[in-house]
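# Descriptive structure summary
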Number of protein chains: 2
Amino acid sequence: MAKRIITISREFGSGGRFIGEEVAKKLGIAYYDKEMIGQIAEQAGLSSEYVRENAELSPKKGWFAYAFSGRDITGKSVEDMVYEAQRKVIMEIAEKENCVIIGRNADFILKDRKDVLNVFIHGSIPEKVRRICSLYNVTEVDAIKMINDIDKRRRTNYNFYTEQKWGMAENYTMSLNSSVLGYDLCQKIIIDCAKL
Amino acid sequence: MAKRIITISREFGSGGRFIGEEVAKKLGIAYYDKEMIGQIAEQAGLSSEYVRENAELSPKKGWFAYAFSGRDITGKSVEDMVYEAQRKVIMEIAEKENCVIIGRNADFILKDRKDVLNVFIHGSIPEKVRRICSLYNVTEVDAIKMINDIDKRRRTNYNFYTEQKWGMAENYTMSLNSSVLGYDLCQKIIIDCAKL
């Protein structure tokens with residue numbers, strides 16, 4: 001069955017977002033990353049700034065923050081409200097049009113659909129560090145800190161809301177090391193598989 | 001850099017071995033699975049039967065068996081001897097010729113080489129059960145038991161000897177769900193990437 005929707009989960013610095021953007025262009029389909037933030041904010045009744053900071057990342061304090069703190073009498077935290085809004089927006093987008101969706105646990109949110117190709121892009125540390133230094137103009141030490149911090153927060157968010165393990169091959173239709181394969185080949189493989 | 005050696009790790013029932021065999025045929029390179037057993041047995045000074053049963057699987061009793069039991073005064077167990085022999089044989093094979101190697105932690109054993117493409121083949125439960133029922137002429141219940149038992153023993157062996165986690169995308173150059181992508185497309189992707 002042809003895949004109408006492509007979700008891209010990715011390690012920070014692996015070029016997953018860039019690969020997803022190029023795939024969307026080449027297939028002539030919609031691309032959703034920050035594009036969703038306004039819709040999620042409206043759905044949750046929160047500011048776009050808050051959603052931009054929190055929609056995919058756990059609080060810095062980690063898993064405990066999700067599980068036990070900041071919950072109102074219904075047991076819901078602000079993070080839960082953002083997640084619920086995000087889930088609704090992603091399901092509506094998937095219903096509406098062919099697209100590439102970056103991150104935001106979209107692989108799990110859309111797991112009951114048969115027309116979704118779930119991709120995980122990862123990379124080797126030296127290559128990711130090089131990319132981050134050049135994109136964000138930071139030192140190697142800072143790049144490594146950013147990788148550790150952002151991937152930890154993505155992992156915590158994913159593991160909490162999906163009860164799956166972020167980065168396990170079994171969650172995705174395919175996982176690709178962009179540092180070894182290169183961005184062009186990753187794009188080609190994804191496009192070939194989407195046309196299945 | 002072109003990849004001379006392809007390692008295929010796989011979930012039981014995912015067709016990984018079949019895919020590896022076809023890739024080797026199509027690329028006209030050597031194929032190693034059970035073909036290695038004689039060499040490993042000779043290297044370890046054990047019978048081929050023992051190696052066939054134990055070279056890739058942990059004992060049924062699990063992780064503890066590796067870590068704490070059956071060790072002689074040097075601290076080595078029979079499993080350690082088999083593993084050491086296997087490691088030596090795999091490194092010699094990789095040095096000698098272009099090939100496909102199935103399982104046996106070859107991805108980890110060869111991790112310092114740049115000419116290796118590491119592939120993990122996984123699949124969806126219903127599809128794996130169908131394959132096992134047809135290949136081994138067993139019931140669905142038995143097929144599920146076989147999947148749980150064999151993958152658990154492969155995981156335990158891998159995690160113990162590599163200090164990595166079996167099935168984590170980051171260990172492999174690529175991971176492919178053969179149930180969604182189909183065996184033919186998996187073969188094509190691997191061959192395209194090997195020719196990189």
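Looking at an unreviewed UniProt entry, chain A carries the name Cytidylate kinase, with the source organism given as [Ruminococcus] lactaris ATCC 29176.

A count of helices and strands for chain A gives ten helices and five strands. Relative to its length of 196 residues, chain A is compact, with a C-alpha radius of gyration of 17 Å against a globular reference of 16 Å. With the C-alpha coordinates aligned to their principal axes, the bounding extent of chain A is approximately 50 × 45 × 30 Å. For chain A, with 196 residues in total, the buried portion stands at 55%. Residue pairs at least 24 apart in sequence account for 73% of intrachain contacts in chain A once pairs closer than 6 positions are excluded. As presented, chain A carries roughly 9,200 Å² of accessible surface, and 53% of it is formed by carbon and sulfur atoms. Computed over 30 positive and 28 negative side-chain charges, the separation of the two mean positions in chain A equals 2 Å.

This next bit is on the nonpolar core. Core analysis: the largest hydrophobic core is formed by 45 residues, its most contacted members being A:Met174, A:Ile190, B:Met174 and B:Ile190. Ranked by the residues each element gives to this core, the list is headed by helix H10 (residues 183–194) of chain A, at eight residues. Those residues in contact with B:Met174 that sit more than four places away from it in its chain are A:Ser175, A:Leu176, A:Leu181, B:Leu117, B:Asn118, B:Val119, B:Phe120, B:Ile189, B:Ile190 and B:Cys193.

The next subject is the relation of the copies chain B and chain A. When chain B is fitted to chain A, the best match, at an RMSD of 0.0 Å, comes from turning it 180 degrees and sliding it 0.0 Å along the axis. This pairing of chains is accounted for by a two-fold axis. Interface overlap between copies is the fraction of interface residues in one copy that are interface residues in the other; for chain B against chain A it reaches 100%, indicating a shared surface.

Before going further, it helps to examine the pattern of salt bridges. All names here are of chain A. As enumerated under the stated definition, the model contains 31 salt bridges over all chains in all. A salt bridge links Arg 87 to Glu 84, with the nearest nitrogen and oxygen atoms 3.2 Å apart. Here Glu 84 and Arg 87 lie together in helix H5 (residues 78–96), a separation of three residues that amounts to about one turn. Taking the relative accessible area as the measure of exposure, Arg 87 reaches 30% and is therefore partly exposed. We classify Glu 84 as partly exposed; its relative accessible area is 31%. Linked through salt bridges whose partners overlap, the residues forming this network are Arg 4, Glu 95, Arg 113 and Asp 115.

Residues and elements named next belong to chain A. Over its twelve residues, helix H7 (residues 125–136) extends 16 Å from the first C-alpha to the last, a length consistent with the 16 Å expected when each residue adds 1.5 Å. Here H7 has its buried residues at Lys 128, Val 129, Ile 132 and Cys 133. Angular distribution of buried residues about the axis of H7 spans 135 degrees; they occupy a single face of the element. Pointing more than 90 degrees away from the buried face of H7 are the exposed residues Pro 126, Arg 130, Ser 134 and Leu 135. Asn 137 sits one or two positions beyond H7 and adopts a positive phi of about 55 degrees.

Here we take up the packing of aromatic side chains. Following the criterion strictly, the structure yields twelve aromatic pairs over all chains and no others. When the ring of A:Phe18 is compared with that of A:Tyr183, the centres are 5.8 Å apart and the planes differ by 55 degrees; the resulting orientation is tilted. With A:Phe18 in helix H1 (residues 16–27) and A:Tyr183 in helix H10, the pair connects residues that are 165 residues apart, well separated along the chain. The exposure class of A:Phe18 is partly exposed, given its relative accessible area of 33%. For the pair B:Phe120 and B:Trp166, a centre-to-centre distance of 5.5 Å together with 90 degrees between the ring planes defines the contact as edge-to-face. Of this pair, B:Phe120 sits in strand S4 (residues 116–122) while B:Trp166 is found in the loop between helix H8 (140–162) and strand S5 (174–177), placing the two residues 46 residues apart along the sequence. Given the relative accessible area of 1%, B:Phe120 is considered buried. Judged by relative accessible area, which is 8%, B:Trp166 ranks as buried.

Within the chain, A:Asn137 stands out as a residue other than glycine whose phi angle is a positive 55 degrees. For A:Asn137, the position within the fold is in the loop between H7 and helix H8 (140–162).

Our next topic: the interface of chain B and chain A. At the junction of the two partners, chain B supplies 24 residues and chain A supplies 24 residues. Counting each side, the surface lost to burial between chain B and chain A is near 1,800 Å², with a carbon and sulfur contribution of 68%. Scanning the region where chain B abuts chain A turns up two salt bridges. Among the ionic pairs, B:Lys188 bridges to A:Asp192, the shortest N-O distance being 3.8 Å. Taken together, the connections running from chain B to chain A amount to seven residue pairs in polar contact (both at pLDDT 80 or more). If you tally residues by element for the side of chain B that touches chain A, the top one is helix H10 (residues 183–194) of chain B, at five residues.

Right, let's talk about the packing of H10(A) against H10(B) for a bit. At a minimum axis distance of 11 Å, the contact between H10(A) and H10(B) shows a crossing angle of 165 degrees. It follows that H10(A) is roughly antiparallel to H10(B) by the angle criterion. Judged by the sense of rotation from one axis to the other, the crossing of H10(A) with H10(B) is right-handed. On H10(B), the residues touching A:Leu185, A:Lys188, A:Ile189, A:Asp192 and A:Cys193 of H10(A) are B:Leu185, B:Lys188, B:Ile189, B:Asp192 and B:Cys193. Looking at the contact of H10(A) with H10(B) residue by residue, the classes come out as six nonpolar, no polar and four charged.

Rules of the game
Residues numbered from 1 in each chain as written. Chains lettered and ligands numbered in written order. Predicted model: local features only at pLDDT ≥ 70, side-chain atom pairs only at ≥ 80, totals over all residues. Heavy atoms only, no water. Helix = DSSP H or I, 4+ residues; strand = E, 2+ residues; numbered from the N terminus. Rg over C-alpha atoms; globule rule 2.2 N^0.38 Å. Buried < 20%, exposed > 50% of the residue type's maximum accessible area, 1.4 Å probe, protein only. Contact = heavy atoms within 4.5 Å. Areas by Shrake-Rupley, 256 points an atom, 1.4 Å probe, with all protein chains shown as cover. Lys, Arg positive; Asp, Glu negative; His and termini not counted. Charge placed at Lys NZ, Arg CZ, Asp CG, Glu CD. Core = buried A, V, L, I, M, F, W, Y, C linked by side-chain atoms within 4.5 Å. Least-squares fit on C-alpha atoms with pLDDT ≥ 70 in both. Salt bridge = Lys/Arg side-chain N within 4 Å of Asp/Glu carboxyl O. Expected span 1.5 Å × (residues − 1). Arc of directions from axis to C-beta. Phe/Tyr/Trp six-rings, centres within 6.5 Å; stacked < 30°, edge-to-face > 60°. Buried area = accessible area lost by both parts, 1.4 Å probe. Polar contact = N/O pair within 3.5 Å; in protein donor to acceptor, adjacent residues only side chain to side chain. Axes fitted to C-alpha atoms, helices over the stretch in contact; angles between N-to-C directions. Parallel < 35°, antiparallel > 145°, perpendicular 65-115°, else oblique. Left-handed = near helix turned anticlockwise from the far one by under 90°. Nonpolar A, V, L, I, M, F, W, Y, C, P; charged D, E, K, R; others polar.

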